[in-house]
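# Coordinates in review
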Amino acid sequence: MKPWKKHILFFLGISFFSGIFIWLSGIIPLTASSGHWDITKWFLSIGMKRSVETYTIGKSVPELGRPWMIQKGAGHYEIGCRQCHGAPGDKDSLFGNELTPNAPWLPSQIHKWEPDELFRIVKHGVKFTGMPAWAALQRNDEVWAMVSFLRSMPNLSGPEYEKMATILRSGFTNPDYQENAGKLPVLQSCANCHGMTGNGRETSAFPKLAGQNLKYLEHSLKAYAKDERHSGPMELMAASLKKEEVRKLSLYFSKQKRISPSPSHHLVLEGALSEAIKRGADIAHKGIPQQRVASCVACHGPHLDDRRMNPHFPNLSGQFADYIALQLKLFLKNKRGGTKYANVMHKALFEMTPQQMRDVALYYESLTLEKSDP
Ligand code: HEC
Ligand code: HEC
Ligand code: HEC
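Residues numbered from 1 in each chain as written. Chains lettered and ligands numbered in written order. Predicted model: local features only at pLDDT ≥ 70, side-chain atom pairs only at ≥ 80, totals over all residues. Heavy atoms only, no water.

### A word on the packing of helix α16 (residues 321-332) against helix α18 (residues 354-365)
At a minimum axis separation of 8 Å, α16 and α18 run at an interaxial angle of 140°. Between α16 and α18, the crossing angle belongs to the class labelled oblique. Between α16 and α18 lies a crossing whose hand is right-handed. Contacts between α16 and α18 pair Ala321, Asp322, Ile324, Ala325, Leu328, Lys329 and Leu332 from the former with Met357, Arg358, Val360, Ala361, Leu362, Tyr364 and Glu365 from the latter. A class-by-class count of the residues in the contact of α16 with α18 yields 10 nonpolar, no polar and 4 charged. (Axes fitted to C-alpha atoms, helices over the stretch in contact; angles between N-to-C directions. Helix = DSSP H or I, 4+ residues; strand = E, 2+ residues; numbered from the N terminus. Parallel < 35°, antiparallel > 145°, perpendicular 65-115°, else oblique. Left-handed = near helix turned anticlockwise from the far one by under 90°. Contact = heavy atoms within 4.5 Å. Nonpolar A, V, L, I, M, F, W, Y, C, P; charged D, E, K, R; others polar.)

See the structure below:
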């Protein structure tokens, strides 16, 4: 070997072993509190920006900004993001400032990103930082709802945000709620999204739980907790519940009176919508044999005779049409998951057009829930 080659090899060897020595000596600070060096910060932030830009090329953006999407995002922001990023009205979220890199106060950052870029950050999180990925990767629709909310956030005042993401409890004197919330503090957090009596909020962002069959509620909560039914906010909530809480919360909501049709339902009295309801009634009662869609009433009611509903099957009467249509879409794309009875529902649907889903959803929304099973 030529002498200069030996020198190079010797030099490389020394560098390698010194590197290992310094690394093992522990003098390089890897604690989050010590912060990143400026060069690392630059590297991470450019890396994140470039990666987000590259992976979003050519991605299409669905319609954003419907009021129910914004409210759905706001509810989830409250339980899943505020602790790190703060919300309108509270600029200095203490916890986020202690992360390395910091979790920025988001209202001032949103303008930097296009909707598809926000989608990617929120869905996949950011490696090497505290920014987590979405809990239910099957649910792009939920991530888009969050993007809708994030884009409206810079224009919200603190009180406007609170009103959208949480519920005003003052003046609500229902003794059943007071008693249960006293013994079961988590009920107050369910109420932020599902309403204090489980009749939902002012938009159709969150399904009605009031009057729903007890067994269906219990099994659905267990399915979310086990990741057998997929939803970002509900997996977060359900995973934190104890067995006893699942039972009590399900019992509370199943006993509440469902207010149906929804107050917003006056819209459906308009001509075109009443036609849609008639078409929907036809689908619910007769199915669509040529598309291998079974009739829905056999399992979901309304039952015109004294037959009792299977308590594991959900009651749809008076439920929000937007929610029903969304669930149908998820079933057809095989993305909903559910309890062990969900396979029955998969067998009942083979193919439905968006309009047929909308029609049958409007039909069920227009019904009043007469009685619920014990
Ligand atoms: C455990 C703390 C934590 C939680 C919870 C969290 N984030 Fe983050 N987030 C971070 C950190 C840290 C960064 C900074 C990443 C960076 O600078 O590379 C970040 C970055 C972001 C960014 C990019 C901001 C920018 O301009 O640099 C967005 C958008 C974002 N988060 C949205 C969300 C949303 C929406 C949620 C809730 C679903 C959420 N985050 C939950 C810690 C968190
Ligand atoms: C951040 C908002 C939010 C909170 C808080 C929340 N939920 Fe939900 N919940 C949702 C959304 C959104 C859905 C619809 C998810 C889906 O598409 O599967 C849902 C669905 C459900 C369902 C299934 C309903 C059905 O008809 O299949 C049950 C049961 C439920 N929630 C119970 C609860 C309980 C009990 C709590 C309190 C421990 C709670 N939720 C807290 C947003 C929330
Ligand atoms: C053979 C029985 C059966 C038939 C027929 C059936 N379903 Fe279902 N459906 C179910 C079961 C069981 C579930 C609950 C799945 C679970 O437990 O996760 C369900 C769930 C649903 C849900 C979700 C409800 C919620 O609160 O999340 C909707 C919406 C729905 N069905 C609509 C329909 C429509 C519309 C039809 C007719 C086109 C129909 N189903 C036909 C059994 C059936």
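### Topic: the site of ligand 1
Taken together, 25 residues sit near ligand 1, with Cys81, Cys84, His85, Trp113 and Met131 positioned nearest. A distance of 2.8 Å separates a nitrogen atom of ligand 1 from a polar atom in the side chain of His85. For the shell around ligand 1, the elements supplying multiple residues, two or more each, are α4 (82-85), α6 (115-124) and α7 (140-152). Considered class by class, the residues forming the shell around ligand 1 number 17 nonpolar, 7 polar and 1 charged. (Near = heavy atom within 4 Å. Polar contact = N/O pair within 3.5 Å; in protein donor to acceptor, adjacent residues only side chain to side chain.)

### Structural notes on the packing of aromatic side chains
Applying the stated criterion across every chain yields a total of 9 aromatic pairs. Seen in terms of ring centroids, Phe119 and Trp144 are 4.3 Å apart; in terms of plane orientation they differ by 25°. Their pairing is stacked. Of this pair, Phe119 sits in helix α6 while Trp144 sits in helix α7, placing them 25 residues apart in sequence. Here Phe119 falls in the buried class, since its relative accessible area comes to 13%. With relative accessibility at 10%, the residue Trp144 sits in the buried group. A network of ring pairs unites the aromatic residues Phe172, Tyr177, Tyr252 and Phe253 as a single cluster. Its guanidinium or amino end placed over the ring of Phe320, Lys208 lies 4.9 Å from that ring's centre, counting from NZ or CZ. (Phe/Tyr/Trp six-rings, centres within 6.5 Å; stacked < 30°, edge-to-face > 60°. Buried < 20%, exposed > 50% of the residue type's maximum accessible area, 1.4 Å probe, protein only. Lys NZ or Arg CZ within 6 Å of the ring centre and 35° of its normal.)

### Quick look at helix α10 (residues 186-194)
Counting buried residues along α10, 7 of its 9 residues qualify, which places the element largely inside the surrounding structure. Listing the buried residues of α10 in full gives Val186, Leu187, Cys190, Ala191, Asn192, Cys193 and His194. Considering only its buried residues, α10 is in contact with α3 (67-80), α8 (158-165), α9 (175-183), α12 (232-239) and α13 (243-255). With its phi angle positive at about 85°, Gly195 sits one or two positions after the end of α10.

### Describing the coordination of the iron atom of ligand 3
Ligation of the iron atom of ligand 3 by protein atoms is provided by His300 (NE2) and Met345 (SD), these donors lying 2.0 to 2.1 Å from the ion. Coordination geometry of the iron atom of ligand 3: the 6 donor atoms subtend angles of 88 to 178° at the metal centre, consistent with an arrangement described as octahedral. Here the residue His300 occupies a position in helix α15 (residues 297-300), and Met345 occupies one in helix α17 (residues 342-348), the gap between them amounting to 45 residues. For His300, a relative accessible area of 12% corresponds to the buried category. (Donors = N, O, S within 2.8 Å, 3.2 Å for Na, K, Ca; no water. Tetrahedral: all angles 85-135°; square planar, octahedral: opposite > 155°, others 65-115°.)

### Focus: the pattern of salt bridges
According to the stated counting rule, one finds 14 salt bridges in the structure shown. Between Arg82 and Glu162 there is a salt bridge, with the nearest N and O atoms lying 3.1 Å from each other. Of this pair, Arg82 sits in helix α4 while Glu162 sits in helix α8, and the two are 80 residues apart along the sequence. Classification of Glu162 by relative accessible area gives partly exposed; the value is 30%. With its nearest N and O atoms 2.8 Å apart, the salt bridge here joins Asp141 to Arg139. (Salt bridge = Lys/Arg side-chain N within 4 Å of Asp/Glu carboxyl O.)

### So, the coordination of the iron atom of ligand 1
In the first shell of the iron atom of ligand 1, the protein supplies His85 (NE2) and Met131 (SD), at 2.0 to 2.1 Å from the metal. Among the residues examined, Met131 registers a relative accessible area of 25% and is labelled partly exposed.

### A look at empty space enclosed by the protein
Counted according to the given criterion, the structure contains 1 cavity of 30 Å³ or more. Space inside the largest cavity adds up to approximately 50 Å³. Every residue along the wall of the largest cavity is listed here: Lys72, Gly73, His76, Trp134, Glu142, Ala145, Met146 and Pro233. Those elements that provide at least two residues to the lining of the largest cavity are α3 and α7. Among the residues forming the lining of the largest cavity, the class breakdown is 4 nonpolar, 2 polar and 2 charged. (1 Å grid on protein atoms, 1.4 Å probe; cavity = no way out; pocket = protein on both sides within 12 Å on 5 of 7 lines; lining within 4 Å. Points joined across faces, edges and corners; volume = space filled by probe spheres on them.)

### Brief notes about the site of ligand 3
With respect to spatial proximity, 26 residues lie near ligand 3, and among them Cys296, Cys299, His300, Thr339 and Met345 are the closest. One of the side-chain nitrogen or oxygen atoms of Tyr216 is found 3.1 Å away from an oxygen atom of ligand 3. Arg336 is positioned with one of its side-chain polar atoms (N or O) 2.9 Å from an oxygen atom of ligand 3. Those elements that place two or more of their residues in the shell around ligand 3 are α15, α16 and α17. The greatest single-element share of the shell around ligand 3, amounting to 5 residues, is contributed by α16. Class assignment of the residues belonging to the shell around ligand 3 gives a composition of 19 nonpolar, 5 polar and 2 charged.

Read these as spatial facts, not as claims about activity.
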